[in-house]
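Coordinate inspection notes
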Amino acid sequence: MGVTLDLSHAANLPRATRTAAKPNLSGLTRAELATALVAAQVVRPEKAKMRATQLWRWIHHYGVTDFAQMTDVAKEMRASLAEAFTLARPEIVERQVSKDGTRKWLIRTAPGIEVEAVYIPDVGRAGALCVSSQVGCTLNCTFCHTGTQALVRNLTAAEIVAQVQVARDDLGEWPSPKEDRRLSNIVFMGMGEPLYNLDSVAGAIDIIADNEGIAISRRRITVSTSGVVPELQPLGERTQAMLAISLHATNDPLREQLVPLNKKYPLAELMAGVRAYPGLSNAKRVTFEYVMLKGVNDSPAEAKALVQLLKGIPAKINLIPFNPWPGSPYECSDWGTIEAFAAILNRGGYASPIRTPRGRDILAACGQLKSESEKVRASVRRKAERAPAAPEA
Ligand code: SAH
Ligand code: SF4
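Because the structure is predicted, anything quoted here is derived from the model rather than measured. The numbering scheme is per chain: residues are counted from 1 as the chain's sequence reads. Labels are handed out in written order, letters beginning with A for the chains and numbers beginning with 1 for the ligands. Confidence filtering applies because this is a predicted model: local features only for residues at pLDDT of at least 70, side-chain atom pairs given and counted only at 80 or more, and all residues used for totals across whole chains, interfaces and linings. Based on all heavy atoms of the structure, the side-chain values leave hydrogens and waters out of the count.

**Things to note about the pattern of salt bridges**
A side-chain nitrogen of Lys or Arg and a carboxyl oxygen of Asp or Glu constitute a salt bridge if their distance falls within 4 Å. All told, the structure shown has 16 salt bridges when counted by the stated rule. With its nearest N and O atoms 2.8 Å apart, the salt bridge here joins Glu46 to Arg44. Only protein chains enter the accessibility calculation, which uses a 1.4 Å probe. A residue is then buried if its area is under 20% of the maximum for its type, exposed if over 50%, and partly exposed in between. Take Glu46: its relative accessible area is 58%, and that puts it in the exposed class. A network of salt bridges, in which partner residues are shared, links Arg30, Asp210 and Glu212.

In structure tokens form, the structure reads like this:
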């Protein structure tokens, strides 16, 4: 049995009140780590930075989950750390492997908080991990399974980083390899709208991209948004991540149907926001995602309109064959239609790879993610979170 952890609040608790769950150090930023060590009186303030650097390498480069493995830390210090803190991973509720090698984990980070993360081999440089940023989503894009699940809550930075750590554990990728990695890219394309949770997303990227740890370059981290225009500039400035826009339509009436957020931020505003994205250049192009829906947005005229809409923007277009889910109201475009659409984009000067559906047999493909977590009253959740953690087997 695993340990059920609440990664979200424990680190802030003073020593005297830490009865149930010990604070978990493995999802803290460097600054938070130093603060936690001092607050717990395990480390003196003047040594905090040095100790945090030392622990950081163990946690994020070597991936250790036991203080006893930190061989260059004095025995007494290891004992005090173990008494005050934990490095345990969240519980893996379910692990599935698709026949195409895609892996999906259902991870419980706190009582009632379950998220999915998906590893897709042979995507990006070597393999991409698709992480979730929220449990559920407040937006209701009509083609998306996650959109049918009400928002339960935002994930913390720790809960986002935990998805990467779980994947790394499963892939056997510790210590963090510099080359020949299986997990080379991170995409924020799982459950939720990352730009409605920018603080946690930015904190998680700071941890994941840190050179002395997991060390996945910011250029290999892509954040996908349905178009929260006011957060585009802050995203670029705070994270330097690659940007992906879920476009799906070239005119406002259709986009409003597919992505209701378009009513708030219509196409003209969205495109202006994209053009102003920090660092946008031919070397750092924006990706436009376009889900192929039969008879809805897949005509040659729409392909031509797409080329017009993107004129002058350093961009590539990712055509995503629609992935069905139980009760979904659309069908995927025919393969020939998708190829004809791609050919028009190519002639217009845009690389437009068709995203091969991966992991469909385990409902791990784009837009198929959904967990059973439901919104429970905050008071009920808080009560559950105060309950003692399950003992380790
Ligand atoms: N909320 C963010 C990121 C998560 S969705 C966003 O909307 O961008 C990740 C991608 O999957 C988006 O491009 C989304 O439009 C796409 N998607 C959602 N449902 C899908 C489905 N059923 N089939 C194919 N792609 C889908
Ligand atoms: Fe939310 Fe993205 Fe799904 Fe839209 S496509 S409902 S924004 S997760």
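**A word on the sheet that holds strand β11 (residues 315–321)**
A pair of strands is treated as paired once DSSP finds two or more bridges between them. Only DSSP runs of H or I covering at least 4 residues are called helices, and only runs of E covering at least 2 are called strands; the numbering of each starts at the N terminus. Pairing in this open sheet of nine strands is mixed, and the strands run β1-β2-β3-β4-β7-β8-β9-β10-β11 from one edge to the other. Either end of the sheet is taken by a strand with one partner, and the two such strands are β1 (91–97) and β11. When the angles between neighbouring strand axes are averaged without regard to direction, this sheet yields 20 degrees. Judged from the six bridges that link them, β1 and strand β2 (residues 103–110) form a sheet pairing that is antiparallel. If you follow Glu91 over to β2, its bridge partner there is Arg108. Note on definitions: a residue-residue contact is assigned when non-hydrogen atoms from the two residues lie within 4.5 Å. With axes taken as lines fitted to C-alpha atoms, and helix axes fitted only over the stretch in contact, angles between N-to-C directions fall between 0 and 180 degrees. Strand contacts of helix α5 (residues 198–209): β7 (185–188) and β8 (221–225), with the helix running at about 165 degrees to β8, the strand carrying the most contacts. Lying on the sheet, helix α10 (residues 335–347) is in contact with β10 (286–292) and β11; it crosses β11 at an angle near 175 degrees.

**Some details on the pairing of β2**
β2 sits mainly inside the fold: seven of its eight residues count as buried. Connecting β1 to the next strand, β2, in antiparallel fashion are five residues, including Gly101 with a positive phi near 95 degrees. Of the strand pairs in this sheet, β2 and strand β3 (residues 113–121) are connected by seven bridges, and their pairing is antiparallel. Across the sheet, Arg103 pairs through a bridge with Tyr119, a residue of β3. Linking two consecutive strands that pair antiparallel, namely β2 and β3, is a turn of two residues; a positive phi of about 75 degrees is found at Gly112 within it.

**What about the nonpolar core?**
Throughout this description, the term nonpolar core refers to a set of buried Ala, Val, Leu, Ile, Met, Phe, Trp, Tyr and Cys residues connected via side-chain atoms within 4.5 Å. One finds Leu25, Phe85, Leu129, Phe143, Ile186 and Phe288 to be the most contacted residues of the largest nonpolar core, which totals 107 residues. As used throughout, domain bounds are those supplied by an automatic or database domain assignment. Mapping this core onto the domain boundaries places at least three of its residues in each of domain 1 (20–84) and domain 2 (91–362). Setting aside chain neighbours within four positions, we find Phe288 in contact with Ile245, Leu247, Met271, Val274, Leu310, Ile313, Ala315, Lys316, Ile317 and Asn318. Core analysis: the next-biggest nonpolar cluster, separate from the first, contains six residues, Val118, Ile120, Met189 and Ala244 among them.

**Some remarks on the site of ligand 2**
Neighbouring residues of ligand 2: Cys137, Leu139, Cys141, Cys144, Gly147, Gly192, Glu193 and Ser226. In terms of residue class, the shell around ligand 2 is built from four nonpolar, three polar and one charged. Throughout this document, a residue counts as near a molecule or strand when at least one of its heavy atoms sits within 4 Å of that molecule or strand. Here the term charged refers only to Asp, Glu, Lys and Arg, the term nonpolar to Ala, Val, Leu, Ile, Met, Phe, Trp, Tyr, Cys and Pro, and the term polar to all other amino acids, Gly among them.

**So, the packing of aromatic side chains**
Between the rings of Phe, Tyr and Trp (Trp by its six-membered ring), a pair exists once the centres lie within 6.5 Å; its type follows the angle of the planes, with under 30 degrees stacked, over 60 edge-to-face, and the other angles tilted. For the structure shown, the criterion picks out three aromatic pairs. Pairing Trp58 with Tyr62 gives two aromatic rings, centres 4.9 Å apart and planes at 35 degrees, and the pair type is tilted. For the pair Phe322 and Tyr330, a centre-to-centre distance of 6.1 Å together with 80 degrees between the ring planes defines the contact as edge-to-face. A residue is classified by how much of its surface remains accessible, and Tyr330, at 18% relative accessible area, is buried.

**Quick look at the site of ligand 1**
As a structural note, the neighbourhood of ligand 1 is formed by 22 residues, with Phe143, Gly192, Ser224, Ser246 and His248 the closest of them. Contact distances for ligand 1 include 2.9 Å between a nitrogen atom and a backbone N or O atom of Phe143. Here a polar contact is taken to be a pair of N or O atoms separated by no more than 3.5 Å, where protein atoms must pair a possible hydrogen donor with a possible acceptor and residues adjacent in sequence count only if both atoms sit in side chains. One of the side-chain nitrogen or oxygen atoms of Ser224 is found 2.6 Å away from an oxygen atom of ligand 1. Against a free-state accessible area of 530 Å², the protein chains account for coverage of 95% of ligand 1. Counting residues per element, the ones that place at least two in the shell around ligand 1 are β8, β10 and β11. Its residues assigned to classes, the shell around ligand 1 comprises eleven nonpolar, nine polar and two charged. For the area figures, the Shrake-Rupley method with a 1.4 Å probe applies, and any residue is considered shielded solely by the protein chains shown.

Taken by themselves, the reported measurements are silent on function.
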